[in-house]
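Structural overview
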Amino acid sequence: MHPLLSQLDSAEPLKDFSSAQLSEVADEIRDVLCNLLATRTAHFASNLGVVELCLALHSTFDFRTDRLIWDTGHQVYPHKLVTGRYKDFASIRTQGGLMGYPNPHESEYDLFMTGHAGCSVSTALGLKSGDDLMDRPNSKSVAVIGDGAFPSGIVFEALNNAGFLNKDLVVVLNDNKMSICPRVGAMAGYLDRLRGNPFYTGLKHEVVKALNHVPLFGDPAERWLAQMKEGVKAGLLGGMLFEELGIRYIGPIDGHDIPLMKKYLAMAKASEGPVLLHVVTEKGHGYKPAAEDPVFFHTPPAFRDEDGRPVANAGSGQPPYTVSMRDAILNVMEEDERVTVLTAAMCQGTKMEPVRERFPDRFFDVGICESHAVAFAAGQCKTGIRPIVNIYSTFLQRSYDQIFQEVALQDLPVVFTLDRAGLTGPDGPTHHGVYDIGYMRLFPNLAVMAPGYAGEVEPMLRFALQHEHSSSIRYPKTSAFDLQKIPEPIELGRSETIREGTDGTIVVFGALLESALAAAESLADRLSVGVVNARFAKPIDKAMVARTLADDRFVVTLEEGTTVAGFGSAFLEEANTQGLDTRKIKRLALPDVFVEHGERGDLLAQSGLHVEGIAQACQQWNSVTRVP
Ligand SMILES: Cc1ncc(C[n+]2csc(CCOP(=O)(O)OP(=O)(O)O)c2C)c(N)n1
Ligand SMILES: CC(=O)[C@@H](O)[C@H](O)COP(=O)(O)O
Ligand SMILES: [Mg+2]
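Residues numbered from 1 in each chain as written. Chains lettered and ligands numbered in written order. Predicted model: local features only at pLDDT ≥ 70, side-chain atom pairs only at ≥ 80, totals over all residues. Heavy atoms only, no water.

Some remarks on the site of ligand 1
Around ligand 1 there are 22 residues in total, and Ser46, His74, Gly148, Lys283 and Glu370 lie nearest to it. Taking Met178, its main chain carries an N or O atom lying 2.9 Å from an oxygen atom of ligand 1. Glu370 has a polar side-chain atom sitting 2.6 Å from a nitrogen atom of ligand 1. Look at ligand 1: alone it shows 590 Å² of surface, and the protein chains cover 98% of it. Class assignment for the residues of the shell around ligand 1 results in eight nonpolar, 10 polar and four charged. A domain split of the shell around ligand 1 shows at least three residues from each of domain 1 (5-197 + 238-292) and domain 2 (321-474). (Near = heavy atom within 4 Å. Polar contact = N/O pair within 3.5 Å; in protein donor to acceptor, adjacent residues only side chain to side chain. Areas by Shrake-Rupley, 256 points an atom, 1.4 Å probe, with all protein chains shown as cover. Nonpolar A, V, L, I, M, F, W, Y, C, P; charged D, E, K, R; others polar. Domains from an automatic or database assignment.)

Okay, here's the thing in structure tokens:
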């Protein structure tokens, strides 16, 4: 079926392949990708776009001794296919199978487990620096970074350092004009201008050599010429921004032409000092619908191809929390002109397109720059604007210091809406949003909230927007629980009792409320278990902590976050502060390990956070705490 690919136990043979053979391997890779990735949600278009680049890299370098970092890592599938993982590839993004990102446990060709954007240039530079210190000067270091990830602040920190250290480093800028959505920002404009520059190698060299003889001092006419010189060089060379930092710029070149790329990669490999090779690719290349709609095909749902037309398989009924929050945001923006929304390149995933269309002046996509997004929001907030920072839980980790200094320390009422807060499923440990309860509840005055059902999403957002301090609202990647109930008004530090019980209580922070109610119901013939919707992890409902521990034999706390420093910890701390009996408390949360990739439901069950697990914990704790 794939005669060349199936024989590759490592990438080594690729360097002896002819151009025709490499082109055949490219076809085989696309065949695997198109057939398999249609059956599950996976990073489709980005992978189709880097097939030739991957082959050119592996046939120019030996990445068992040279170093290769794919930025973010979502485009690593062709790399996996040519580095000995063809036979296991069908398991990608399923539990126990290959990860959808680089994974050092899978292969010596993968150096770091990554999924967050922007760090490739730093790690590649660190690898080169370390190899030099460890007496391996011949080892080459390559970072491949997309144009979406490239404007991340840390990339400039790395380039700044690279130009200064003058290490042999190859940065391949994979420019496909797309982030997940079309890329944004001034750097996008700069790359567009570079793309416009034909790459006149011979002419460039000669003219620049001549210009180098124009003196810098002396006659005013000569001085004028000297000033012109930089401008002319910039026009001819392109990439002056990088050249001025001491990084040699080469390109742009066609990223689907393997022989051409091999030529320039070999040149970059032989160069001394840092080099930036600008390659132009098409996201979704080789599958027309993906090339035409790379936004949808970034991570499409499972689909079937009907006569060259993708038809998505039917999804489940109830809309996700993401949509509840998006609709709530639309409503509040309609009423209050001070409300703005910030995204860090995740407009599509957070389903904010209607907000972008309806309020273009109050919607800000800052690109993959989460730290900047938070500090920018703080600046807006200081002027009287009410910014909503809408970022995935895992990516907000980037902004930890800005949440601390620019927001909390200034006591500014910025609202954080944390999407994907919980297990995100097949993306795995890099993307699970399981730390935010802990990291948000550290800061004085920051209210930490989570809705337990769809109906309280909007009231919670409205509460946050009139609150005088900063606040956060977390919600996972799942259908919103359609509890048929009019929510009690949201009050700072007040929980809501959903079900009364006399034996014990499950106190839930967030969306596992639905499972808690089902667990309590399943025990009804044996135990009377109440269910409290905590709403706040900070400030926690002190009276509720006192009441449940006084009235009940046991209290099970429940959350979709790590057990360390989470809601259960907050409950324990409060119980201890009040001098209550903490032995009654059982904390149900995710274990203190990096949870692997898999379906969210399966992963929750594995940690006992499903209906049966919750019921079992209640029974167990009831017998532990029962007075003999
Ligand atoms: C810190 C961080 N923020 C956001 C994301 C989500 N994200 C993943 S890929 C991507 C787009 C990257 O664009 P680019 O680097 O150009 O790669 P392409 O998909 O175009 O190949 C985004 C926004 C992330 N992985 N990490
Ligand atoms: C690579 C990356 O970080 C994103 O593409 C992420 O996988 C998107 O996740 P969602 O599919 O949950 O939006
Ligand atoms: Mg891109």
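Still more ground to cover, so stick around.
With respect to the domain arrangement of the protein chain
Bring the parts together and some accessible area is lost; that lost area is often taken as the interface size. We note that the domain assignment places domain 1 (5-197 + 238-292), domain 2 (321-474) and domain 3 (496-625) within the protein chain. The straight-line distance from the C-alpha centre of domain 1 to that of domain 3 is 45 Å. In this assembly, seven residues from domain 1 lie in contact with six residues from domain 3. Counting the surface lost from both domain 1 and domain 3, the interface buries some 410 Å², and carbon and sulfur atoms represent 45% of this. For the domain 1 face of the interface with domain 3, the top three residues by lost area are Arg93, Gln95 and Met99, together amounting to 83%. (Contact = heavy atoms within 4.5 Å. Buried area = accessible area lost by both parts, 1.4 Å probe.)

Focus on the sheet that holds strand 2 (residues 141-146)
Here we have five strands laid out as an open sheet, ordered 1-2-3-5-4, and parallel in their pairing. A single partner strand is all that each edge strand has here, and the edge strands are strand 1 (67-70) and strand 4 (248-254). On average, each strand axis in the sheet is inclined to that of its neighbour by 15°, with strand direction left out of account. Along the sheet face, helix 5 (residues 120-133) touches strand 1, strand 2 and strand 3 (170-175) and points at about 180° away from the line of strand 2. Sheet strands in contact with helix 11 (residues 258-270) are strand 3, strand 4 and strand 5 (275-280), and its direction is about 170° off that of strand 4. (Pairing = 2+ DSSP bridges. Helix = DSSP H or I, 4+ residues; strand = E, 2+ residues; numbered from the N terminus. Axes fitted to C-alpha atoms, helices over the stretch in contact; angles between N-to-C directions.)

A word on the sheet that holds strand 8 (residues 339-343)
The strand order across the open sheet formed by seven strands is 9-8-10-11-13-12-17, and the pairing between neighbours is mixed. Lying at the two open borders of the sheet, with one neighbouring strand each, are strand 9 (363-365) and strand 17 (536-538). Pairwise comparison of adjacent strand axes, ignoring direction, gives a mean angle of 20° for this sheet. Across four bridges, the pairing between strand 8 and strand 10 (residues 386-392) is parallel. Within strand 10, the residue paired with Val339 across the bridge is Arg386. Against the sheet, helix 15 (residues 370-382) touches strand 8, strand 9, strand 10 and strand 11 (415-419), its axis set at about 165° to strand 10.

Some details on the UniProt feature "binding site: thiamine diphosphate" (unreviewed entry) in the protein chain
Within this structure's numbering, the places UniProt gives as "binding site: thiamine diphosphate" (unreviewed entry) are His74, Gly115, His116, Ala117, Gly148, Ala149, Asn176, Tyr287 and Glu370. For this annotated set, covering 297 residues, the C-alpha atoms extend up to 32.0 Å from each other, a dispersed arrangement in space. Note on placement: His74 falls in the loop between strand 1 and helix 4 (77-82). If near-sequence neighbours (up to four positions away) are discounted, His74 is found in contact with His43, Ser46, Asn47, Gly100, Tyr101 and His298. (UniProt positions renumbered as here; feature names shortened; annotations may be inferred.)

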